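Given next are the chains, with one letter for each unit.
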Amino acid sequence: MKQAVSKKDALAILQESADSIRQLISNQKYALCLTDCPAFDDVADTRIYGFSCQVQFAVSCGLLTNDEGEQMVTTLENDLEMIKQEAVDHSAQ
């Protein structure tokens, strides 16, 4: 029996994935030496790449428009940049 995935379901799954990435990076922002350590960028880049693949799959299935997918990835990238900036600001204090 086939089960259809709705746009609402796809958005919820992708939002959960993005939230998980934000939480992971946020939890590590003071534990990792984000301002001096390239590991943060590697982790963030890897997670963003994986997320963008999930988004592209949803776009390919017609569950999201290309614009919606790009917006989700851009929002996540911007959020991770803000987390990194918070860590930079915190370490400067």
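Right above here is the structure, for reference.
The structure reproduced in this document is the subject of the present report. Each chain carries its own residue numbering, running from 1 in the direction its sequence is written. Since the coordinates come from a predicted model, pLDDT governs what is reported: local features require at least 70, and pairs of side-chain atoms require 80 or more to be given and counted, while whole-chain, interface and lining totals use all residues. Side-chain numbers come from the whole structure's heavy atoms, not from hydrogens or water.

Turning our eyes to something else, we now look at the side chain of Arg 22. Put simply, DSSP marks the helices as runs of H or I at least four residues long and the strands as runs of E at least two long, and each gets a number from the N terminus on. Within the fold, Arg 22 resides in helix H1 (residues 7–28). For Arg 22, a relative accessible area of 17% puts it in the buried group. Here the side chain of Arg 22 touches Asp 79 through a polar contact of 2.5 Å, side chain to side chain. Throughout, a residue-residue contact means that at least one pair of heavy atoms, one from each residue, lies within 4.5 Å. Discounting residues that sit within four places of it in the chain, Arg 22 has contacts with Gln 15, Thr 75, Leu 76, Asp 79, Leu 80 and Ile 83. Only protein chains enter the accessibility calculation, which uses a 1.4 Å probe; a residue whose area is less than 20% of its type maximum is buried, one above 50% is exposed, and one in between is partly exposed. Polar contacts here mean pairs of N or O atoms no more than 3.5 Å apart (in protein, one a potential hydrogen donor and the other a potential acceptor; neighbouring residues in sequence count only if both atoms are side-chain atoms).

Looking now at the nonpolar core. Residues belong to a common nonpolar core when they are buried Ala, Val, Leu, Ile, Met, Phe, Trp, Tyr or Cys residues joined through side-chain atoms within 4.5 Å. Membership of the largest hydrophobic core comes to 19 residues, with the highest contact counts inside it found for Leu 14, Phe 51, Val 55, Leu 64, Leu 76 and Leu 80. For this core, the secondary structure elements donating two or more residues are H1, helix H2 (38–60) and helix H3 (66–92). For this core, the element with the highest residue contribution is H2, accounting for 7 residues. Excluding anything up to four places from it in sequence, Leu 76 contacts Ala 18, Ile 21, Arg 22, Ile 48 and Phe 51.

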